[in-house]
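Listed here are the chains, written in short residue letters.
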Amino acid sequence: MILAQAFSRFAFDLDGVVWKGDRPIAGAPDTIRTLRDAGKRVVFVTNNSSETAETYAKKLAEMGAGGSPDEVVSSADATARLLERAVPGLRGRLAYVVGGEGLLNAVASVGARIASGEESKDASLVVVGWDRGLTFDKLRLATLAVRAGAIFVASNTDATYPAQEGLWPGAGAIVAALRTSTGVEPLVAGKPDPGIFQVARDRLGGSPALVVGDRVETDIMAAHAAGWPAALVLSGATGVPELAAAPAWPDFVLGRLTDVLEDRPHPQVRSAAGPDLPHIATMLHHGGLTAGAARERVGRTMVAETDRKPIATASWERLDGIGLLRSVAVAPEFRRAGAGTIIVAATLKRMIEEGVGEVYLVTEHAEKFFAACGFKTIDREQLPDAIGKHPQVVRECPASAPAMYLRLPAR
Ligand SMILES: [Mg+2]
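Reading guide: rules and limits
- Residues numbered from 1 in each chain as written.
- Predicted model: local features only at pLDDT ≥ 70, side-chain atom pairs only at ≥ 80, totals over all residues.
- Heavy atoms only, no water.
- Core = buried A, V, L, I, M, F, W, Y, C linked by side-chain atoms within 4.5 Å.
- Buried < 20%, exposed > 50% of the residue type's maximum accessible area, 1.4 Å probe, protein only.
- Helix = DSSP H or I, 4+ residues; strand = E, 2+ residues; numbered from the N terminus.
- Contact = heavy atoms within 4.5 Å.
- Donors = N, O, S within 2.8 Å, 3.2 Å for Na, K, Ca; no water.
- Domains from an automatic or database assignment.
- Buried area = accessible area lost by both parts, 1.4 Å probe.
- Salt bridge = Lys/Arg side-chain N within 4 Å of Asp/Glu carboxyl O.
- Polar contact = N/O pair within 3.5 Å; in protein donor to acceptor, adjacent residues only side chain to side chain.
- Nonpolar A, V, L, I, M, F, W, Y, C, P; charged D, E, K, R; others polar.

Visitor: It is not clear to me how the nonpolar core should be interpreted in this structure. Could you clarify?
Guide: Membership of the largest hydrophobic core comes to 70 residues, with the highest contact counts inside it found for Leu83, Phe197, Trp228, Leu325, Val344, Leu348 and Phe375. Here this core takes nine residues from helix H12 (residues 339-353), the largest share from any one element. In this view, Trp228 contacts Ala11, Phe197, Ala200, Arg201, Leu204, Ser207, Pro208, Ala209, Val211, Ala223 and Asp251; residues no more than four positions away in its chain are not counted. Of all hydrophobic cores here, the second largest spans 28 residues; its members include Ala4, Phe12, Ala28 and Val212.

The following block contains the structure:
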């Protein structure tokens, strides 16, 4: 299925989807341009309230994606909408903003008076977003105001920000500091609240769109709460372990944005059952793996299927509280199309549900694939005995096959 053909409207998250920091994610701007050229409607829906719509539109245009400010919906817009609905006497109310220009403009646009300097501690409204100029004084003033009774609003609570070098603290980390110092829970405007997609729906002339985001707990959950389909891209804040631990499952999983133009399987994942065994045996055989015990472990086997046919499989075992991931195979015609990543994520998810916190595997040919899934290579001697001396591992994995390890994130 080619998602670019299946949908006519798209709502793209920005950080981790279109760019990381100041650099575009490979192929993303061209993909957006291709969609525009095909007559698709595009909006950008970001939880990042630090910049203005004009700044984001300019950045999009400079990267070659095209873009006008009215296509950009940020959590600053959602914050303005929330303030108008939830805060009485907004006009003239003294507001202290910890955040960037986008958030300052949004708070000013609804008639609040922006506090500065020491008067900030007398504000009756504190609005917090991602602030790269955060200082102790800003936290001090916001804490004093909230403790004195100011209404506490957050543009979003993303824990991290996907930068080029890795994950930086996000708006959620700043909000957490204030939550700790005040004991007050903020009203939160951005994703996962679906309100931001109401703003996007207006920009799209009243129709929903395929949401493409890099974070399950915001992008995917907000899309689903709004009743919109959602694709997760693994190019930003979420990797395979985070997807496995996430509280929801996306409709589609993509490596990166360019995949919307590709003809790819978008399999459903489920537990295997008896009738799947011939398909599983064939996939294992093609992958050079033994299918001998497939029948006994069918209750601990997952399959990914498209058109009612399994195209990928994986099994797990739980030994002394630790997990062994085994028998991962993808049908030859679907290799390098994301099905392996999906079946591994879904199987790790099942292992987390079963209380597994650490996962080991031994692989002869797929070290690079599992490294991309988050596994680290370890010495064979570092395998716990329950795994290293497991009869199947001893029998089927040559001594030269690398061992790998992953600590699963807590749910
Ligand atoms: Mg993002």
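Visitor: Hey, could you run me through the coordination of the magnesium ion in this one?
Guide: For a metal with four tetrahedral donors the ideal donor-metal-donor angle is 109.5 degrees, whereas six octahedral donors ideally subtend 90 or 180 degrees. Note on the magnesium ion: its protein donors are Asp13 (OD), Asp15 (O) and Asp214 (OD). The metal-donor distances range over 2.1 to 2.3 Å. Motif for the magnesium ion, donor spacing along one chain: D-x1-D-x198-D. On the criterion of sequence distance, the pair formed by Asp13 in the loop between strand E1 (9-12) and strand E2 (19-20) and Asp214 in the loop between strand E13 (210-213) and helix H9 (216-226) is long-range, its members being 201 residues apart. In this pair, the class of Asp13 matches that of Asp214, namely buried.

Visitor: What is the right way to look at the domain arrangement of the protein chain in this model?
Guide: Accessible area lost when the parts come together is the quantity often used to give the size of an interface. Its domain assignment divides the protein chain into domain 1 (3-47 + 192-261), domain 2 (76-188) and domain 3 (268-407). Placing the centre of domain 1 and that of domain 2 at their C-alpha centroids yields a distance of 26 Å. Tallying the contact residues gives 17 residues for domain 1 and 14 residues for domain 2. For the pair domain 1 and domain 2, the summed buried surface comes to about 1200 Å²; carbon and sulfur atoms form 50% of the total. Together, Lys20, Asn47 and Arg215 form the three largest contributors to the area buried by domain 1 at its contact with domain 2, with a combined 38%. On the surface where domain 1 and domain 2 come into contact, there are one salt bridge. Between Arg215 and Asp158 there is a salt bridge, with its nearest N and O atoms 3.3 Å apart. Counting across the interface, domain 1 meets domain 2 through four residue pairs in polar contact (both at pLDDT 80 or more). In terms of residues, the side of domain 1 that touches domain 2 owes the most to one element, helix H8 (residues 195-203), which gives five residues. Broken down by class, the residue content of the side of domain 1 that touches domain 2 amounts to three nonpolar, seven polar and seven charged.

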